[in-house]
Amino acid sequence: MGVTGTVLAVDAGNSKTDVAVVGAAGEVLATARGGGFRPPVVGVDRALDALAEPVERALAEAGVSYVSHVSACLANADLPVEEEQLAAAVTARAWGASVEVRNDTFAILRAGVAEPRGVAVVCGAGINCVGMCPDGRTARFPALGRLSGDWGGGWGLAEEALWHAARAEDGRGEPTELSRTLPAHFGLPTTAALIESLHLGRLAPARRHELTPVLFATAATGDPVAHALIDRLAEEVTLMATVALTRLELLTEPTPVLLGGSVLAAAHPQLDQGIRTRLTAQAPLAEAQLVTAPPILGAALLGLDHLGATPEALERARLTWEPSRT
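Treat the numbers as computed from the prediction; the structure is a model and nothing was measured.

Undergrad: How would you sum up the overall build of the protein chain? Please name residues and give values.
TA: Looking only at helices and strands, one finds 13 helices and 10 strands in the protein chain. Taking the principal axes of its C-alpha atoms as reference, the protein chain extends roughly 75 × 45 × 35 Å. Restricting to contacts in the protein chain with at least 6 residues of sequence separation, those with at least 24 account for 66%. Accessible surface, the protein chain as shown: approximately 14,400 Å² in total, 55% of it carbon and sulfur. Of note, the protein chain has its 25 positive side-chain charges centred 3 Å away from the centre of its 37 negative side-chain charges.

Okay, structure coming up:
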């Protein structure tokens, strides 16, 4: 008897949410997109209310009101206790017979591997790393920023770049072109003017993210300070991956290390080569590769894994989001 059932797959990030209803044979029955999922900002109930809109649209399009399993990969599910709390909240919505909530980094990892085995480092606004094995073992970090020992991510890089630019301009730090290139990006004459504009709200706080590409461009010109920041990020990515591989006892066998998130996906030559060189030295059997598949695929595959779907079903689902594989 073949595997039966349906999966409600959810990949909910801070800025957008993707939802899919997938059959046990890997056929995608419906998809929907919604807004961001931000329980720390709006509270769990309101975040689930927002999530319900694309979920119910997808269920209606698929012609079902209830699924066998809900596979939800959610931003802000950074600690196991938060995963448990969110799983209880999703269960209360009665969308499926069973519910599994994971941090959204697991979706990126599963999207990039043929089986639930490997490590993923994601560097977007923040930085995170997870690993998994087919036997159910996982490795993860709290990923709460400096509070939990993290360094890096687009936001962190922007803050570091601005810190060095400020100190270079006022004489406390080493000279760097960042003190010119960062304000110039906004049409401002000095770093002091940039700091004032950010402090007084003339520039929206979210625009600090625009400083990260300027940092990379400045590093590419050979600026020592900017160059050192990129090298430090390469070291951090490698360190997280190596620790996760060690925890899962995967250092001694070929293992994929997936690199995802907007900062890593941009494949900046200095950062990309820096990571690969360091991984070769610290984890010679690790196989670094960029993730190009969308995270919703990973959420769907995790759900199909739960159903015990066949390899053919997994491949059918993958082809929906990666048609170039045909």
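Undergrad: Residues and numbers for the pairing of strand E6 (residues 118-123), please.
TA: Most of E6 sits inside the fold, with six of its six residues counted as buried. Where burial is concerned, the two faces of E6 agree: the one with Gly-118, Ala-120 and Val-122 and the one with Val-119, Val-121 and Cys-123 are both buried. Alignment of E6 against strand E7 (residues 127-132), held across six bridges, turns out to be antiparallel. Following the sheet pairing, Ala-120 is matched in E7 by Val-130. Between the antiparallel neighbours E6 and E7 lie three residues. Pairing of E6 with strand E9 (residues 255-260) involves four bridges; the strand directions are parallel. Bridging from a neighbouring strand, Ala-120 pairs with Leu-258 of E9.

Undergrad: Requested: an account of the packing of helix H5 (residues 153-170) against helix H9 (residues 224-247), with residues and values cited.
TA: Packed helix pairs are specified by the crossing angle of their axes together with the interaxial distance, meaning the distance between the axes. For the pair H5 and H9, the least separation of the axes is 11 Å and the interaxial angle reads 150°. By the angle between their axes, H5 is roughly antiparallel relative to H9. Here the hand of the crossing between H5 and H9 comes out right-handed. When H5 is examined against H9, the residues Gly-153, Leu-157, Glu-160, Ala-161 and His-164 are found in contact with a partner set consisting of Val-225, Leu-229 and Leu-233. Partitioned by chemical class, the residues of the contact of H5 with H9 number five nonpolar, two polar and one charged.

Undergrad: Explain unusual backbone geometry to me, using residue names and the numbers behind them.
TA: Phi angles above zero are rare outside glycine, and Ala-143 is one such case at about 55°. In this fold, Ala-143 is placed in the loop between strand E8 (138-140) and H5. By relative accessible area, which is 18% here, Ala-143 ends up buried. Of note, Glu-249 is a non-glycine position whose phi angle comes to about 55°, a positive value. With respect to the helices and strands, the residue Glu-249 is situated in the loop between H9 and E9.

Undergrad: Go over the pairing of strand E4 (residues 67-74), please, and point to the residues and values.
TA: E4 sits mainly inside the fold: seven of its eight residues count as buried. Bridge count between E4 and strand E5 (residues 96-103): seven bridges; the pairing is parallel. Directly across from Val-70, in E5, lies its bridge partner Val-99. With respect to chirality, the unit in which E4 leads through helix H3 (residues 80-91) into the neighbouring parallel E5 is right-handed.

What counts and how
Per chain, the residues get numbers from 1 upward, laid out in the order the sequence is written. Thresholds applied to this predicted model are a pLDDT of at least 70 for local features of residues and 80 or more for the giving and counting of side-chain atom pairs; totals over whole chains, interfaces and linings are not thresholded and use all residues. The side-chain figures draw on all heavy atoms in the structure; neither hydrogens nor water molecules are used. Only DSSP runs of H or I with at least four residues qualify as helices, and only runs of E with at least two residues qualify as strands; both kinds are numbered from the N terminus onward. Residue contacts are defined here by distance: any two heavy atoms, one from each residue, within 4.5 Å place the two residues in contact. We get accessible surface area from the Shrake-Rupley algorithm with a probe of 1.4 Å; when it comes to residues, only the shown protein chains can shield them. Neither His nor the chain ends is counted toward charge; the positive residues are Lys and Arg and the negative residues Asp and Glu. Note on charges: their place is set at NZ of Lys, CZ of Arg, CG of Asp or CD of Glu. Burial classes follow relative accessibility: with a 1.4 Å probe on protein chains only, a residue under 20% of its type's maximum area counts as buried, one over 50% as exposed, and anything between as partly exposed. Only when DSSP finds a minimum of two bridges between them are two strands counted as paired. To obtain each axis, a line is fitted to C-alpha atoms, and for helices this fit is confined to the stretch in contact; angles are then taken between N-to-C directions over 0 to 180 degrees. When describing relative orientation, an angle under 35 degrees is termed roughly parallel and one over 145 degrees roughly antiparallel, while 65 to 115 degrees is termed roughly perpendicular and anything else oblique. In this scheme, a crossing is called left-handed if the near helix is turned counterclockwise away from the far one by less than a right angle; it is called right-handed if the turn is clockwise. Any residue that is not Ala, Val, Leu, Ile, Met, Phe, Trp, Tyr, Cys, Pro, Asp, Glu, Lys or Arg is counted as polar, Gly included; the first ten are nonpolar and the last four charged. The path from the first strand over the helix to the second decides the hand: if it runs clockwise while the strands point away from the viewer, the crossover is right-handed.

Everything listed here is a matter of coordinates, which is why it stays silent on function.
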